[in-house]
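Single-letter residue listing:
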Amino acid sequence: MSNHYDLVVVGAGAAGCIVAARIAQHGKHPANGNPLRVAMVEAGPYFGKGKNMPGYGHPSRRQNNSFLNFEMGSRYQWPYGMVKAVGGSTMHWGTYAVIEDVFFPDDYLAWQEATGVDWTLEGFKDAIDETRTMWNLKPAPDEVLTRGNKLYRETAGAMGLDINPFAIARKNCLFCGRCGSGHFCRYDAKSTSQMYIDLALEHGVEIIPEAEVHKLVIDTNGSRPKVTGVQINRNGNTEEIKGDKFIATCGITGTPMLMFRSGYGPQDKVTSPLLVKNDNIGKHFESDIHAASISAIWKEPIKSSDGTSAGASYVRKDWGKNGEGRLILHDYAMGATTYPHQAALSRFAPAFGHDHNTFMEDAAQRIGGLYAFIGKPGVFGEVGSNGEVTYSQDQKRVPEIIEWANEIADLSKNILTEMGAEDIDIRPIRNVSNNSLAHCAGTCRAGADPDNSVINPYFESHDIENLFICDASAAPRQQQYGAMPTAAVASYAWRQIVSRHFS
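Residues numbered from 1 in each chain as written. Predicted model: local features only at pLDDT ≥ 70, side-chain atom pairs only at ≥ 80, totals over all residues. Heavy atoms only, no water.

Colleague: Before we go on, may I ask you to explain helix 12 (residues 484-501) in this structure?
Modeller: An α-helix turns once every 3.6 residues. As a result, residues three or four positions apart point the same way. Over its 18 residues, helix 12 runs 25 Å from end to end, which matches the ideal 26 Å to within 8%, given 1.5 Å per residue. Taken across its 18 residues, helix 12 has 14 buried, putting it largely inside the fold. (Helix = DSSP H or I, 4+ residues; strand = E, 2+ residues; numbered from the N terminus. Expected span 1.5 Å × (residues − 1). Buried < 20%, exposed > 50% of the residue type's maximum accessible area, 1.4 Å probe, protein only.)

Colleague: Quick question: what am I supposed to make of the packing of aromatic side chains here?
Modeller: Given two aromatic rings, one states the distance between the centres and the angle between the planes to describe the pair. Taken as a whole and judged by the stated rule, the model has 17 aromatic pairs. Considering the side-chain rings of Phe-103 and Trp-111, the 4.9 Å spacing of their centres and the 75° angle between planes classify their relative orientation as edge-to-face. Overall, Phe-103 belongs to the buried group, its relative accessible area being 2%. Where Trp-135 meets Tyr-196, the ring centres are 6.2 Å apart and the plane angle is 40°; that geometry is what we call tilted. Here Tyr-196 lies in helix 6 (residues 194-202) and Trp-135 lies in the loop between helix 4 (125-134) and strand 4 (137-139), a separation of 61 residues in the sequence. (Phe/Tyr/Trp six-rings, centres within 6.5 Å; stacked < 30°, edge-to-face > 60°.)

Colleague: I tried to follow the side chain of Gln-194 on my own but got confused; where do I start?
Modeller: Note that Gln-194 resides in helix 6. Aside from chain neighbours lying at most four places away, what touches Gln-194 is Tyr-46, Gly-48, Gly-50, Asn-52, Arg-61 and Met-91. (Contact = heavy atoms within 4.5 Å.)

Colleague: Would you mind going over the sheet that holds strand 4 with me for this structure?
Modeller: Sheet strands pair via backbone hydrogen bonds, and the direction of the pair is either parallel or antiparallel. Read across the open sheet, the 3 strands follow the order 3-6-4; overall the sheet is antiparallel. The strands lining the two open edges of the sheet, one partner per strand, are strand 3 (96-98) and strand 4. Neighbour-to-neighbour, the strand axes of this sheet turn through a mean angle of 35°, independent of strand direction. Relative to strand 6 (residues 167-169), strand 3 is paired through 2 bridges, and the arrangement is antiparallel. Within strand 6, the position partnered with Tyr-96 by the bridge is Ile-168. (Pairing = 2+ DSSP bridges. Axes fitted to C-alpha atoms, helices over the stretch in contact; angles between N-to-C directions.)

Colleague: So what exactly am I meant to see when it comes to the state of the cysteines here?
Modeller: In the structure shown here, the tally under the stated rule is 0 disulfides. A disulfide-free cysteine, Cys-17 has its sulfur positioned 12 Å from the sulfur of Cys-470, the nearest such atom. Judged by relative accessible area, which is 1%, Cys-17 ranks as buried. (Disulfide = S-S within 2.5 Å.)

Colleague: So what exactly am I meant to see when it comes to the packing of helix 1 (residues 14-26) against helix 6 here?
Modeller: Any two packed helices are characterised by the angle at which their axes cross and by the distance between the axes. One can describe the packing of helix 1 onto helix 6 by two numbers: an axis separation of 8 Å at closest approach and a directional angle of 35°. Taken as a pair, helix 1 and helix 6 cross one another with a handedness that is left-handed. Residues Cys-17, Ile-18, Ala-21, Arg-22 and Gln-25 of helix 1 form the contact with helix 6, whose participating residues are Tyr-196, Ile-197, Leu-199 and Ala-200. The residue inventory of the contact of helix 1 with helix 6, partitioned by class, reads 7 nonpolar, 1 polar and 1 charged. (Left-handed = near helix turned anticlockwise from the far one by under 90°. Nonpolar A, V, L, I, M, F, W, Y, C, P; charged D, E, K, R; others polar.)

Colleague: Quick question: what am I supposed to make of the pairing of strand 16 (residues 367-375) here?
Modeller: Along a regular strand, successive side chains alternate from one face of the sheet to the other. Along strand 16, 8 of the 9 residues are buried, which leaves the element largely enclosed by surrounding structure. Judged from the 8 bridges that link them, strand 13 (residues 286-297) and strand 16 form a sheet pairing that is antiparallel. Paired with His-290 across the two strands is Phe-373, which belongs to strand 16. By the bridge criterion, 5 bridges tie strand 15 (residues 326-330) to strand 16 in an arrangement that is antiparallel. Bridge pairing links His-330 to Tyr-371 in strand 16.

Colleague: Even after reading the chapter, I still don't get the pattern of salt bridges, so can you show me in this structure?
Modeller: Two side chains of opposite charge can pair, provided their charged atoms sit close to one another. Summed over the entire model, instances satisfying the criterion amount to 30 salt bridges. Between Arg-326 and Asp-106 there is a salt bridge, with its nearest N and O atoms 2.5 Å apart. Separated by 220 residues along the polypeptide, Arg-326 in strand 15 and Asp-106 in helix 3 (residues 105-115) bring together distant segments of the chain. On the basis of relative accessibility, which here comes to 2%, the residue Arg-326 falls in the buried class. A salt bridge links Arg-153 to Asp-142, with the nearest nitrogen and oxygen atoms 3.0 Å apart. Taken together, the positions of Arg-153 in helix 5 (residues 147-158) and Asp-142 in the loop between strand 4 and helix 5 put the pair 11 residues apart, joining distant regions of the chain. Using a relative accessible area of 30% as the deciding quantity, one classes Arg-153 as partly exposed. Overlapping salt bridges bring together Asp-106, Asp-107, Arg-316, Asp-318, Arg-326 and Lys-376 as one network. (Salt bridge = Lys/Arg side-chain N within 4 Å of Asp/Glu carboxyl O.)

Everything listed here is a matter of coordinates, which is why it stays silent on function.
This is the structure:
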């Protein structure tokens, strides 16, 4: 570990890997034109070493192909199914985008309306092109679709619904259907942050794993506060990494928690002496809402046991302006693998005995379902000092969301009935506060006005010199399903940072 870096990136998930790699590749020291000295610090392990080889894989990742916690227990668990590790959640979840353009046009309008950022469809063009190309975003070919995928597409289309192809990030894929259930891909066919890790190493980025960042070191002695280092805990020792510029990419809850520990944030949230006050840090939390649990069983198999798609189509419906209350109803569970334990414990399974054994002979191929998410629901929460999320007292939208969830349940039942399901189990949400959450945004959001944001449209802190924030927390509002929105925001961010600071 060097004594001093030109740039320190805190967090090695999708956003961190992208900004570290691209700034090292395209940036240069503004004073002397030399290549930048860049470090990427990560709390979790670097378990996936070895060059990305789509369709072939690497032994180190094949050996770690277990479910989610990969023998590391709760030490590296984050909320919402995320894991601390070099590469972030892309390594073990699905990397979907819904559409190849990542965002819908009205997502940009929602951002502008929320905080006045000049993030436009045209301005994001290069970032979207990079995301689409690097992650190889394309719909699954018809040849790998299951009977269930095709039934859903045909049935929803015949019912006059707005049915669209689902974009997935794959290259040389065998379509085994296991990539979205917490696994590494044995063959590197699932696009992950590994390709940016390779690029980062090629351009001299130093990866510092298993180094929990305790806080940013903020100097308040000058005319304006500035970050001069990060304090880390590694191998039982406390060390400080010094640098000129710092980018926080710790995620929707991790980045606010880091700011709180550093003395930056609201008075009631910081866990060390308050150095710089900003009441917006940790607030404006918005997420997809998992509107209903939807499953069904058919008399005949609807998917294969030895090869399947990961999702083919989705229905979209908007209830409000700029995608407000947007329904995404997709068919991932009509193609993805149903594991034996899931079938055995499903509502459709007999309790025990011979009937259960007979049921299990082909149940995994007969069980499917739909995933229903409500985007930009308009119910906001905030992150607490320990990373917990609570909702504000004003939940006027909740009755409307429950009404939407019931409407989604009725729609799903009609679709599955028309698809010929033998039995259907649909459970809409009843309480938004206790709902399962994913695909979040807003807790350190960008904005033109410091009164309602944390960073400016160029990802620079309103309050502190040398500090940037660039991850899902930077987006002014929740955007779209999957990991690709974070990747696209990071691809936009590195261009702004290089243009203004490293050119």
